[in-house]
Amino acid sequence: MSLSRQARGEQPASDTPRSPGGAFLLRPMIQELATIAATTVPGRDEGQSPLVVVDVDRGHTVDADAGTVRRVLGTIIRDAIEAASVLPPQAMPPKLREVVITSVCTADAVEIEIASSACDAPETIGMSMASARSVVERLGGRLLVHRCPEGGRAITVSFPQRRSSEQTSGGGLRRAA
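Not measured: the values here are computed from a predicted model.

1. A look at helix H2 (residues 66–85)
Counted at 1.5 Å a residue, the expected span for H2 with its 20 residues is 28 Å, and the 28 Å between its end C-alpha atoms agrees. Of all the 20 residues making up H2, 17 are buried; the element is thus mostly covered by neighbouring parts of the structure.

2. Comments concerning the confidence of the model for the protein
If pLDDT is low for a region, its predicted coordinates should not be looked at in detail. Counting all residues, the mean pLDDT for the protein is 76, and 65% of those residues have values of 70 or more. The model gives residues 1–14 a pLDDT under 50, and that stretch makes 14 contacts with residues more than four places away or in other chains. Taken as a whole, residues 164–177 scores under 50 in pLDDT and shows 5 contacts with residues more than four places along the chain or in a different chain.

3. A word on the pattern of salt bridges
Across all of its chains, the model carries 3 salt bridges by this definition. Between Glu 111 and Arg 142 there is a salt bridge whose closest N-O contact spans 3.5 Å. Of this pair, Glu 111 sits in strand E5 (residues 109–116) while Arg 142 sits in strand E6 (residues 142–147); the two residues are 31 residues apart in sequence, bridging distant segments of the chain. On the accessibility criterion, Arg 142 (43% relative accessible area) is partly exposed.

4. A word on a nonpolar patch on the surface
Together, Leu 51, Val 53 and Leu 96 give the surface a local cluster of nonpolar side chains, amounting to about 240 Å² of exposed area. Note on placement: Leu 96 falls in the loop between H2 and strand E4 (98–105). Overall, Leu 96 belongs to the partly exposed group, its relative accessible area being 46%.

5. Points about helix H1 (residues 26–40)
With 15 residues, H1 extends 21 Å from end C-alpha to end C-alpha; this agrees with the ideal 21 Å at 1.5 Å per step. Turning to H1, its buried residues number three or more, namely Leu 26, Arg 27, Met 29, Ile 30, Leu 33, Ala 34 and Ala 37. Along the axis of H1, the buried positions cluster into a sector of 160 degrees, meaning they face one direction only. Structurally, H1 contributes buried residues whose contacts are with strand E1 (24–25), strand E2 (51–55), strand E3 (61–62), H2, E4 and E5.

6. Notes on the sheet that holds E2
An order of E2-E4-E5-E7-E6 is seen for the 5 strands of this open sheet, with the pairing classed as mixed. Each edge of the sheet is formed by a strand with only one pairing partner; in this case those strands are E2 and E6. The mean angle between the axes of side-by-side strands here comes to 15 degrees, regardless of whether they run parallel or antiparallel. Bridge analysis of E4 against E5 gives 7 bridges, and the strand direction is antiparallel. What sits directly across from Cys 105, in E5, is Val 110. Across the sheet, H1 is in contact with E2, E4 and E5; its angle to E2 comes to roughly 175 degrees.

Thresholds applied
Residues numbered from 1 in each chain as written. Predicted model: local features only at pLDDT ≥ 70, side-chain atom pairs only at ≥ 80, totals over all residues. Heavy atoms only, no water. Helix = DSSP H or I, 4+ residues; strand = E, 2+ residues; numbered from the N terminus. Expected span 1.5 Å × (residues − 1). Buried < 20%, exposed > 50% of the residue type's maximum accessible area, 1.4 Å probe, protein only. pLDDT = per-residue confidence, 0-100. Contact = heavy atoms within 4.5 Å. Salt bridge = Lys/Arg side-chain N within 4 Å of Asp/Glu carboxyl O. Patch = residues over 30% accessible without salt bridge, like charges linked within 9 Å, V, L, I, M, F, W, Y side chains within 5 Å. Areas by Shrake-Rupley, 256 points an atom, 1.4 Å probe, with all protein chains shown as cover. Arc of directions from axis to C-beta. Pairing = 2+ DSSP bridges. Axes fitted to C-alpha atoms, helices over the stretch in contact; angles between N-to-C directions.

Here you go:
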């Protein structure tokens, strides 16, 4: 039996908030994904849930299939929250267990960073991350994983910005007829 989109935690594409240009807004999607992941993470009843901070600009948009982006970001956000919730048996736990999600808009892309204070081993960056990287690359973006100097990891996902023909011809200046 197949689960409905809503039961799988997916939002129908028609319900995804869109900008006037047709691209979808990142912040509402990321806030919802973070809320779902934080409330379903194992161990949250024992007080092991990390602090989740979403600092994504209200105006940042992505012009790609909303369902695909949702699945990729949902996987990464869920993995980050789960990793930050687990206390390694032999390691000293971080003073503050948190997941911070930020965004920045560059000249040619929107970058979303999901940083987790988790003390995870490299093998936890497994098949789901390889699959996410493949999907992001098919959308013309890239996915990078970095170890943070303070501990934990940061995953940066970038999606290309589409430019209108006015932006690409003549540096955005109109020519007189």
